[in-house]
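Commentary on secondary and tertiary structure
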Amino acid sequence: MSSLQDHKTTRIAVVGSGPSGFYAVAALLKQQDHAVKVDLFDRLPTPYGLVRGGVAPDHQNIKNVIRVYEKVASHDSFRFFGNVKVGRDLSIDDLRRLYDQLVLAIGNESHRTMGIPGEDLPGVHSATEFVGWYNGHPDFSELEFPLARTRRVAVVGNGNVAMDVARVLAKKADSLASSDIADYALATLRSSTVKEILVLGRRGPAQAAFTTKEIKEIGQLEEAELVISPEEAALDPLSSSWLDEEGSAGAHKNVDYVRERSAATPRDCERRLLFRFLVSPVEFLADEGILGRVRLEKNELFEDEHGTPRPRGTGEQWVEEVDLAFTAVGYRGLPVPGLPFDERSGTLPNVEGRLVGEDGAHLPGLYAVGWAKRGPTGLIGSNVADSNETVAHMLEDIPSLASTETGARAESDVREELDAKSVCWFSFDDWRRLNEIEIARGQSDEKIRQKFYNVDDMISAVDKG
Ligand code: NAP
């Protein structure tokens, strides 16, 4: 080792055990210049954030990243504290007292709203709720979706979350049976009477938020037909010039695929996915107290001050029947008591991962990674570079921690504090046991695993109660 900080060990807490949190831990434990000990906290007993609770059950290959995280967790200087909620069991002040550096990897736990009438009607849900529900996330496992009396669903937005929701609704439920999907969700999907799924993009095909891989996967479904009208696949003049001048390779591929599909003769399938472009919901309407219709408006694009094509309503409106709607218009961060918060972006204000106060000055010892740092964009792998950037700054800052009482911190161990508060925290070994139990429970149904859907059941399963 080149310069061990006066042989002192820097104690670091990472809050949030999704990809960005694990990549931050990995970077901290991999470097050789400073002695560090890292504790990773999660409000759930289970680690991996959106890899467990967000990635769709038919995308198991994406979950292979867990192997990397398991390896990180086997490091001697790593500890996991699951079922510890910051703000309930420990405050930010507690963590600042116990650790030299604190990394917020808390993701975006809420969702954006559209701000249109009827958004609160029964039958209108965020995609976050549906995704959490089919993945057995404890926050959403009690929800119910009336798929057995639903024929037409609107999915608002056309990002990859909208693709996941549309695909899960379109697929034959049996094709999900061997995955880790929640069993109640599988039963509900089996009873589904959904015939048509409208996917509503407020801009044109050139600005679609899906990746080509995801729309192609939908286009390749045997059991459902992707339908796009040639009129809506055609680019308006602004989109054409924008695509030529600024369009990414992905945007070009999307436009090509949308064109190709719009020219195909649709097959007659049990289910139809109708992808619409330049269309926005402007009002959800109730029939007998629940969602029954949606008022849609045709959009046109205009160039904003940065040259980006933005949508605006043309005034041409119409009403369509829908029984259920999912808004997949993006995630949003929630404020954390004791930390600054940027209301506009829903993130923790930071400069390259160093948290900053209102005056723009760095708040010593406080950092962010992942969606809490940059907002809800990017794939799992995008978090590697993002977390590395923050960790590089943390390491640069370690020398300025010299005046802090690292020795005193080491003595006051967080375990004592949690035990004194009777917090039923999960170690990584506890999680490993729970993991084995879930896998064993799945075997009788030939499933990858049978998840536990609430925290009390997880606690009882590993005899921690
Ligand atoms: P996203 O990619 O930002 O898409 C949000 C969508 O909502 C866009 O189509 C956006 O349109 C639309 N939207 C926003 N506000 C709207 C409004 N008021 N009215 C109508 N539409 C509105 O977000 P996401 O789908 O939540 O995904 C988040 C990130 O996770 C993305 O980076 C995504 O690629 C990633 N992800 C990846 C996978 C995968 O790899 N399989 C799966 C899920 C998620 P505009 O473009 O016009 O703003």
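About the cut-offs
Note that residues are indexed from 1 along each chain, following the sequence as it is written. Residues qualify for local features only when their pLDDT is at least 70, as the model is predicted, and side-chain atom pairs are given and counted only at 80 or more; totals for whole chains, interfaces and linings, by contrast, use all residues. Side-chain metrics in this entry use all non-hydrogen atoms of the structure; hydrogen atoms and water are not considered. To get an axis, a line is fitted to the C-alpha atoms, and for a helix only the part in contact is used. The angle between two axes follows their N-to-C directions and goes from 0 to 180 degrees. Helix numbers and strand numbers start at the N terminus; a helix is a DSSP run of H or I with at least 4 residues, a strand a run of E with at least 2. Every angle not falling under 35 degrees, over 145, or within 65 to 115 is termed oblique; those three ranges are roughly parallel, roughly antiparallel and roughly perpendicular. In this scheme the handedness of a crossing depends on how the near helix is turned from the far one: anticlockwise by less than a right angle means left-handed, clockwise means right-handed. By definition in these notes, contact holds between two residues if any of their heavy atoms fall within 4.5 Å. When residues are sorted by character, Ala, Val, Leu, Ile, Met, Phe, Trp, Tyr, Cys and Pro go into the nonpolar class, Asp, Glu, Lys and Arg into the charged class, and all the rest, Gly among them, into the polar class. DSSP calls a pair of strands paired once it identifies at least 2 bridges connecting them. Residues are said to line a cavity or pocket when one of their atoms sits within 4 Å of a point; the points come from a 1 Å grid over protein atoms alone, cavities being sets where a 1.4 Å probe fits but cannot get out and pockets being open sets with protein on both sides within 12 Å along at least five of seven lines. Grid points are joined across faces, edges and corners, and a volume is the space filled by probe spheres set on the points. Proximity criterion: a residue is near a molecule or strand once any of its heavy atoms comes within 4 Å of it. Polar contacts, as counted here, are pairs of nitrogen or oxygen atoms within 3.5 Å of one another; within protein the pair requires one atom able to donate a hydrogen and one able to accept it, and residues that are adjacent in sequence qualify only if both atoms are side-chain atoms. Every accessible area reported is derived by Shrake-Rupley at a probe size of 1.4 Å, with residue values counting cover from the shown protein chains alone. Per residue, pLDDT measures the predictor's confidence, with a range of 0 to 100. Expected helix span is taken as 1.5 Å per residue step, with the number of steps being one fewer than the number of residues. The buried label goes to any residue with under 20% of its type's maximum accessible area, the exposed label to any with over 50%, and the partly exposed label to all in between, with areas taken from a 1.4 Å probe on protein chains only. Just to be clear on terms, a salt bridge is a Lys or Arg side-chain nitrogen sitting within 4 Å of an Asp or Glu carboxyl oxygen. When the centres of two rings from Phe, Tyr and Trp lie within 6.5 Å, Trp using its six-membered ring, the rings pair. Their planes under 30 degrees apart give stacked, over 60 give edge-to-face, and anything left gives tilted. Cation placement over rings: the criterion is NZ of Lys or CZ of Arg within 6 Å of the ring centroid and within 35° of the ring normal. Only buried Ala, Val, Leu, Ile, Met, Phe, Trp, Tyr and Cys residues count toward a nonpolar core, and they belong to the same one when joined by side-chain atoms within 4.5 Å.

With that settled, consider the packing of helix α8 (residues 212–219) against helix α11 (residues 249–263). The N-to-C vectors of α8 and α11 enclose an angle of 20°; their axes lie 9 Å apart at closest approach. Compared by their axis directions, α8 and α11 come out roughly parallel. Note on packing geometry: the crossing formed by α8 with α11 is left-handed. Where α8 approaches α11, its residues Thr212, Ile215, Lys216 and Gly219 are matched on the opposing element by Gly250, Lys253, Asn254, Tyr257, Val258 and Arg261. Looking at the contact of α8 with α11 residue by residue, the class counts come to 3 nonpolar, 4 polar and 3 charged.

It is worth spelling out the sheet that holds strand β11 (residues 279–287) at this point. Taking strand neighbours across the sheet as the criterion, the 3 strands line up as β11-β12-β13 in an open arrangement whose pairing is antiparallel. Every interior strand has two partners, whereas the edge strands, β11 and β13 (309–321), have only one. Between one strand and the next, the sheet's axes are offset by a mean angle of 20°, whatever the strand orientation. Bridge count for β11 against strand β12 (residues 290–303) is 8 bridges, and the pairing is antiparallel. In the strand pairing of β12, phenylalanine 284 is matched with valine 294. Packing against the sheet, helix α10 (residues 237–246) makes contact with β12 and β13, and its axis sits at approximately 65° to β12.

Attention now goes to the layout of surface pockets. Once rolled over the atoms, a probe with the size of a water molecule shows which space is left empty. Volume-wise, the second largest pocket comes out at about 290 Å³. Along the walls of the second largest pocket sit 16 residues, with Gln60, Lys63, Ile66, Asn435 and Arg449 positioned nearest its centre. Where the lining of the second largest pocket is concerned, the elements lending two or more residues are α2 (50–53), α3 (66–73) and α16 (428–443). Split into classes, the residues belonging to the lining of the second largest pocket amount to 6 nonpolar, 3 polar and 7 charged.

We now examine the side chain of glutamate 417. One can find glutamate 417 in helix α15 (residues 414–420). Sequence-distant contacts of glutamate 417, defined by excluding residues within four places in its chain, comprise Leu90, Asp94, Arg97 and Leu98.

As a structural note, the neighbourhood of the ligand is formed by 23 residues, with Asn158, Asn160, Arg202, Arg203 and Gly378 the closest of them. Within the contact set of the ligand, an oxygen atom lies 3.1 Å away from a backbone nitrogen or oxygen of valine 161. Burial of the ligand by the surrounding chains reaches 80%, relative to a free accessible area of 920 Å². With 3 residues, helix α6 (residues 160–170) is the single largest residue contributor to the shell around the ligand. Across the shell around the ligand, the residue classes break down as 11 nonpolar, 8 polar and 4 charged.

Summarising the model, the chain shows a mean pLDDT of 95, and 96% of its residues fall at 70 or more. Within the model, the stretch residues 1–6 combines pLDDT values under 50 with 12 contacts to residues more than four positions away or in other chains.

Here we come to helix α13 (residues 382–397). Taking 1.5 Å per residue as the helical rise, α13 with its 16 residues ought to reach 22 Å, and the 24 Å between its terminal C-alpha atoms agrees with that figure. Within the span of α13, buried status applies to Asn383, Asp386, Ser387, Thr390, Val391, His393, Met394, Leu395 and Asp397. Tucked inside the fold, the buried residues of α13 contact β1 (10–15), α1 (19–30), β4 (101–104), β17 (354–356), β18 (362–368) and α12 (371–374).

For the structure shown, the criterion picks out 40 salt bridges. A salt bridge links aspartate 413 to arginine 415, with the shortest nitrogen-to-oxygen separation between them at 3.3 Å. Under the relative-accessibility criterion, arginine 415 is labelled partly exposed at 39%. Taken together, the shared-partner salt bridges connect Arg152, Glu196, Glu232, Arg272, Arg276, Lys298 and Glu320 into one network.

A separate point is the packing of aromatic side chains. Using the criterion set out here, one finds 21 aromatic pairs in the structure. Arranged with centres 5.8 Å apart and planes meeting at 50°, the rings of tryptophan 133 and tyrosine 184 form a pair that is tilted. Here tryptophan 133 is found in helix α5 (residues 127–134), whereas its partner tyrosine 184 is found in helix α7 (residues 183–190), with 51 residues between them in sequence. When its relative accessible area of 1% is taken as the criterion, tryptophan 133 is described as buried. Through a chain of ring-to-ring contacts, three or more aromatic side chains come together here, namely Phe22, Tyr23, Tyr48, Tyr69, Phe78, Phe80, Phe428 and Trp431. Over the ring of tryptophan 425 we find lysine 464, and its NZ or CZ is 5.7 Å from the ring centre. Over the ring of phenylalanine 426 we find lysine 464; its NZ or CZ atom is 5.8 Å from the centre of that ring.

The sheet built from 6 strands is open, its strands ordered β6-β14-β7-β8-β10-β9 with parallel pairing. Each edge of the sheet is formed by a strand with only one pairing partner; in this case those strands are β6 (124–126) and β9 (224–227). Direction aside, neighbouring strands of the sheet carry axes that sit 20° apart on average. Pairing geometry for β6 and strand β14 (residues 324–327), over 3 bridges, is parallel. Paired with serine 126 across the two strands is threonine 327, which belongs to β14.

Right, let's talk about the nonpolar core for a bit. In terms of nonpolar packing, the biggest core is built from 48 residues, with Phe130, Tyr134, Ile197, Leu273 and Phe275 touching the most fellow members. The contact partners of phenylalanine 275, leaving out residues within four places of it in the chain, are Met163, Val199, Phe210, Ile215, Ile218, Leu226, Val227, Ile228 and Glu232. Counting 39 residues, the second largest nonpolar core, distinct from the first, contains Val103, Trp431, Leu434 and Ile459.

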